[in-house]
Amino acid sequence: MGYYDGADAVIVLDPAIRNWVLFPILVVMLLVGILRHYVTSYFGTSTGPAKQDYADTRQLQSVLRSVTLRRHAAHVPPAAVAARKEYLAKAFKARTYLKLKQEVAASTDPDAPPMPDMSSMDGMMDMMKKNMAMIVPQTLIMSFINAFFSGFLLIKLPFPLTVRFKSMLQSGIATPDLDTAWVSSLSWYFLNLFGLNPIFRLILGQNNAADGAAAMAAMNPMAAAGASAASSSGPAVSGDVPMPEMPTQAMPGMPGMPGMPGQDKGFEKTFDTETEYLQLMDAGAKWMGDGIERRVIDLLKATSA
């Protein structure tokens, strides 16, 4: 219902909209999230982060350790840098950190196709189950809202917003003059999709399958893998060092495609490249601790003067 208060239009919502549209969408989203969690658990799909193989993690972290040494060599005494540099170079040349695989088919018949990695197939099936558990309920809920609650205004935010938020908060309502603070039914659905995550964590605990943000991230594993690799490599500093090329299957959170050989071969190339980078390190780089006593004394004298 609406009326004019002078020159401005005032919208008053019917309480029935709160009882029959606002709360039902909230309750349906909450119940569907809980149901999705238990259905995912029933089918044996892991709700937590994917388990990484120890050998895969070991060979990846060894390269990242070498990159960290080259990046922060100025923070470590020269003798310690030389010792770490020699140790890592020898380990890379000896393939100490390389993951070993028993390729029986390759040893008996060079032309035989590579054996599929069962762990990779399980990871792909697990990811497919998570995507289906996310896509099917959300598609049904969106169809339900568009069929029964299309064009409803549900709430008005208690603070003003700019026009840039209009397309996000008023989906399905083509009214250019409407105040941006009003929220439509379809936008209320999207707000609940991500806003209910703290409630799901409170009810179901951490790493639950009802987390909308985690489910959306699982549907885009490439972005999650890139973010995980960036966080594992440490913060970037000025004068950053070159990063060796990593095999695609080695990225965290990305299961390898079955029947795709070459992961270990790719890491052999990565180890050779990182060994060359270690050998090209500047042996005469200045350590930050050189003359630290004199600099501290000068600083104390300057502050006390």
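The structure contained in this document is the topic of the report that follows.

Conventions used here
Residue positions are counted from 1 within each chain, in the order its sequence is given. Confidence filtering applies because this is a predicted model: local features only for residues at pLDDT of at least 70, side-chain atom pairs given and counted only at 80 or more, and all residues used for totals across whole chains, interfaces and linings. Note that water and hydrogens are dropped before the side-chain values are worked out from all heavy atoms of the structure. Put simply, DSSP H or I for four residues or longer makes a helix, DSSP E for two residues or longer makes a strand, and each gets a number counted from the N terminus. Working definition: with a 1.4 Å probe on protein chains only, accessible area under 20% of the residue-type maximum means buried, over 50% means exposed, and in between means partly exposed. Only heavy atoms matter for contacts: two residues are in contact if any of them lie within 4.5 Å across the pair. Residue-level accessible areas treat just the shown protein chains as cover; the underlying method is Shrake-Rupley with a 1.4 Å probe. Here a cavity means grid points, on a 1 Å grid over the protein atoms only, where a 1.4 Å probe fits yet cannot get out; a pocket means an open set of points with protein on both sides within 12 Å along at least five of seven lines; lining residues are those with an atom within 4 Å of a point. Grid points are joined across faces, edges and corners, and a volume is the space filled by probe spheres set on the points. As a working rule, the residues Ala, Val, Leu, Ile, Met, Phe, Trp, Tyr, Cys and Pro are called nonpolar, Asp, Glu, Lys and Arg charged, and the rest polar, with Gly in that last group. Buried Ala, Val, Leu, Ile, Met, Phe, Trp, Tyr and Cys residues form a nonpolar core when they are joined through side-chain atoms within 4.5 Å. Pairing of aromatic rings covers Phe, Tyr and Trp, the last through its six-membered ring, and needs centres within 6.5 Å; plane angles under 30 degrees mean stacked, over 60 mean edge-to-face, and all others mean tilted.

### Some thoughts on the overall build of the protein chain
Okay, so step 1: Across its full length, the protein chain holds 12 helices and 4 strands.
Okay, so step 2: Out of the 305 residues belonging to the protein chain, those deemed buried represent 31%.
Okay, so step 3: Contacts in the protein chain between residues far apart in sequence, at least 24 positions, make up 72% of those at least 6 positions apart.
Okay, so step 4: Summed over all atoms, the accessible surface of the protein chain reaches about 19200 Å², with 65% contributed by carbon and sulfur.

### Comments concerning unusual backbone geometry
Okay, so step 1: For Arg95, which is not a glycine, the phi torsion comes out positive at approximately 55 degrees.
Okay, so step 2: Positionally, Arg95 belongs in the loop between helix 3 (78-93) and helix 4 (104-108).
Okay, so step 3: Accessibility expressed as a relative area gives 24% for Arg95, which makes it partly exposed.

### Details of empty space enclosed by the protein
Okay, so step 1: Across all of its chains, the model carries 1 cavity of 30 Å³ or more by this definition.
Okay, so step 2: Taken as a whole, the largest cavity spans an internal volume of roughly 40 Å³.
Okay, so step 3: Lining of the largest cavity is provided by Met29, Val32, Gly33, Arg36, Gln138, Ile141, Leu193, Phe200 and Ala210.
Okay, so step 4: Elements that contribute at least two residues to the lining of the largest cavity include exactly helix 1 (15-42) and helix 5 (118-148).
Okay, so step 5: Among the elements that line the lining of the largest cavity, the one with the most residues is helix 1, at 4 residues.
Okay, so step 6: Partitioned by chemical class, the residues of the lining of the largest cavity number 6 nonpolar, 2 polar and 1 charged.

### Observations regarding the nonpolar core
Okay, so step 1: Ile25, Met29, Ile145, Leu154 and Tyr189 are the most contacted members of the largest nonpolar core, which has 23 residues in total.
Okay, so step 2: Elements supplying a minimum of two residues to this core: helix 1, helix 5, helix 7 (185-195) and helix 8 (197-204).
Okay, so step 3: Excluding residues within four positions of it along the chain, Leu154 makes contact with Leu13, Ile17, Val21, Leu22, Ile25, Val183, Ser184, Ser185 and Trp188.
Okay, so step 4: Core analysis: the next-biggest nonpolar cluster, separate from the first, contains 19 residues, Val63, Leu64, Leu88 and Met281 among them.

### What about the packing of aromatic side chains?
Okay, so step 1: Within the structure shown, the criterion is met by 7 aromatic pairs.
Okay, so step 2: Here the aromatic rings of Phe144 and Phe148 are separated by 5.3 Å at their centres, their planes lie at 45 degrees, and the arrangement is tilted. Taken together, the residues Phe144 and Phe148, both in helix 5 and 4 residues apart, mark about one turn of the helix.
Okay, so step 3: Seen in terms of ring centroids, Phe267 and Phe271 are 5.8 Å apart; in terms of plane orientation they differ by 50 degrees. Their pairing is tilted. Highlighted residues: Phe267 and Phe271, both in helix 11 (residues 263-279), separated by 4 residues, approximately one helical turn. Just as Phe267 is buried, Phe271 falls in that class too.
Okay, so step 4: One aromatic cluster is present, formed by Phe92, Tyr97, Phe267 and Phe271 through successive ring pairs.

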